[in-house]
Amino acid sequence: MTDLRDDPLTDAGLVPVITMDRVDDAGLLAAALVEGGIPYAEVTFRTPAAPRVIDRMRSESPQMMVGAGTVLTVEQADRAVRAGAQYLVSPAFDTAVVSWGEERSVPIIPGVATATEVNTAWQRGLRTLKLFPVEQLGGVGLLQALRGPFPDIEFVPTGGITPHNLANYARQPNVVACGGSWIASREALSGRKFDDILAAAQEASKILRRAREQRSEAR
Ligand code: 3PG
């Protein structure tokens, strides 16, 4: 069994959540993210193109860390890993998907929304969890509240994060990376607005750098 504490997002800070229809643009997207200083992606299984997008991003930008998102079933987990996904993310905690990842040493970041789900995951040895949908659940206040009983859990808060609240999330000591779709929204992707995506990545990189400096100063 893998040690699921090996965290694929350790240095990430921010993971763009990607929902993409056009496989042929995956290389352009990867290039914009890398140039913008965010060489990470969570490619959601919300479009049939997802496995081919993962494959294309990995082959065209091998320096990227590309995970699969919205992995709801074992079948999707299998297709994602075959396509080259380096880790799996789910919005929910599904024991079949988690066990599938554990048995194959594939890092899996399941979604949690309550202390009970965090505890279930913690008991299984998971240490990195997606907190979704974080803004609706209580935002930064929820992260701070969970840190007391679960000091060794690192969260990937996702859902409602924007350039306006990114710094506040990134400063939290129990946040390993923030997730969000605004860097490369479905609209920007379908409009092929790669300059906008690059600009959003560069802006987010700047916000993250400052927030991380503030976090280390506070330690
Ligand atoms: C996800 O799948 O992680 C969310 O849909 C991303 O949430 P956001 O669109 O509010 O960033």
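Right above here is the structure, for reference.
Residues numbered from 1 in each chain as written. Predicted model: local features only at pLDDT ≥ 70, side-chain atom pairs only at ≥ 80, totals over all residues. Heavy atoms only, no water.

**Q** Describe in detail the packing of helix α1 (residues 26-35) against helix α2 (residues 50-60), supporting the description with residues and values.
**A** The geometry of α1 relative to α2 is characterised by a closest axis approach of 8 Å and an angle of 55° between their N-to-C directions. If you check the angle between α1 and α2, you find them oblique. Considering only the axes of α1 and α2, their crossing is right-handed. Facing Ala26, Gly27, Leu29, Ala30 and Leu33 of α1, the residues of α2 in contact are Val53, Arg56, Met57 and Glu60. (Axes fitted to C-alpha atoms, helices over the stretch in contact; angles between N-to-C directions. Helix = DSSP H or I, 4+ residues; strand = E, 2+ residues; numbered from the N terminus. Parallel < 35°, antiparallel > 145°, perpendicular 65-115°, else oblique. Left-handed = near helix turned anticlockwise from the far one by under 90°. Contact = heavy atoms within 4.5 Å.)

**Q** Residue-level account of the sheet that holds strand β8 (residues 154-157), with values.
**A** Taken together, 3 strands build an open sheet; the order of strands is β6-β7-β8 and the sheet is parallel. Each having just a single partner strand, β6 (111-112) and β8 make up the two edges of the open sheet. Pairing geometry for β6 and strand β7 (residues 128-131), over 2 bridges, is parallel. If you follow Gly111 over to β7, its bridge partner there is Lys130. (Pairing = 2+ DSSP bridges.)

**Q** I'd like a description of the layout of surface pockets, backed by residues and values.
**A** A volume near 250 Å³ is recorded for the largest pocket. What lines the largest pocket is a set of 17 residues, and nearest its centre among them are Val17, Arg46, Gly180, Ser181 and Trp182. Among the secondary structure elements, those contributing two or more residues to the lining of the largest pocket are β1 (13-18) and β9 (177-180). Looking at the lining of the largest pocket residue by residue, the classes come out as 6 nonpolar, 8 polar and 3 charged. (1 Å grid on protein atoms, 1.4 Å probe; cavity = no way out; pocket = protein on both sides within 12 Å on 5 of 7 lines; lining within 4 Å. Points joined across faces, edges and corners; volume = space filled by probe spheres on them. Nonpolar A, V, L, I, M, F, W, Y, C, P; charged D, E, K, R; others polar.)

**Q** Can you explain the site of the ligand? Please cite residues and give values.
**A** The ligand sits among Val17, Arg46, Lys130, Phe132, Thr158, Gly159, Gly160, Gly180 and Ser181. In the environment of the ligand, an oxygen atom lies 2.6 Å from a nitrogen or oxygen atom belonging to the side chain of Ser181. In the complex, the protein chains occlude 79% of the 310 Å² of accessible area that the ligand would expose alone. Because more than half of its atoms lie within 2 Å of the grid, the ligand is assigned to the largest pocket. (Near = heavy atom within 4 Å. Polar contact = N/O pair within 3.5 Å; in protein donor to acceptor, adjacent residues only side chain to side chain. Areas by Shrake-Rupley, 256 points an atom, 1.4 Å probe, with all protein chains shown as cover. Sits in = over half its atoms within 2 Å of the grid points.)

**Q** Can you break down empty space enclosed by the protein residue by residue, with the values?
**A** Summed over all chains, the structure comprises 2 cavities of 30 Å³ or more. Computed from the structure, the largest cavity encloses a volume of approximately 40 Å³. Taken together, Gly13, Ala170, Val175, Val176, Ala177, Leu208, Arg212 and Arg215 make up the lining of the largest cavity. For the lining of the largest cavity, the element with the highest residue contribution is helix α10 (residues 194-218), accounting for 3 residues.

**Q** I'd like a description of the packing of helix α3 (residues 74-83) against helix α4 (residues 95-103), backed by residues and values.
**A** Contact geometry for α3 and α4: axes closest at 9 Å, N-to-C directions at 35°. Crossing handedness for the pair α3 and α4: right-handed. Residues Val74, Ala77, Asp78 and Val81 of α3 lie in contact with α4, whose contacting residues are Ala96, Val97 and Trp100. Considered class by class, the residues forming the contact of α3 with α4 number 6 nonpolar, no polar and 1 charged.

**Q** Hey, could you go over the pairing of β7 for me, with residue numbers and the actual values?
**A** Here β7 shows a buried face lined by Thr128 and Lys130 and a second buried face lined by Leu129 and Leu131. Note that the unit made of β6, helix α5 (residues 115-123) and β7 has a crossover that is right-handed. Of the strand pairs in this sheet, β7 and β8 are connected by 4 bridges, and their pairing is parallel. Pairing of Thr128 across the sheet is with Glu154, part of β8. (Buried < 20%, exposed > 50% of the residue type's maximum accessible area, 1.4 Å probe, protein only. Right-handed = clockwise from strand over helix to strand, strands pointing away.)

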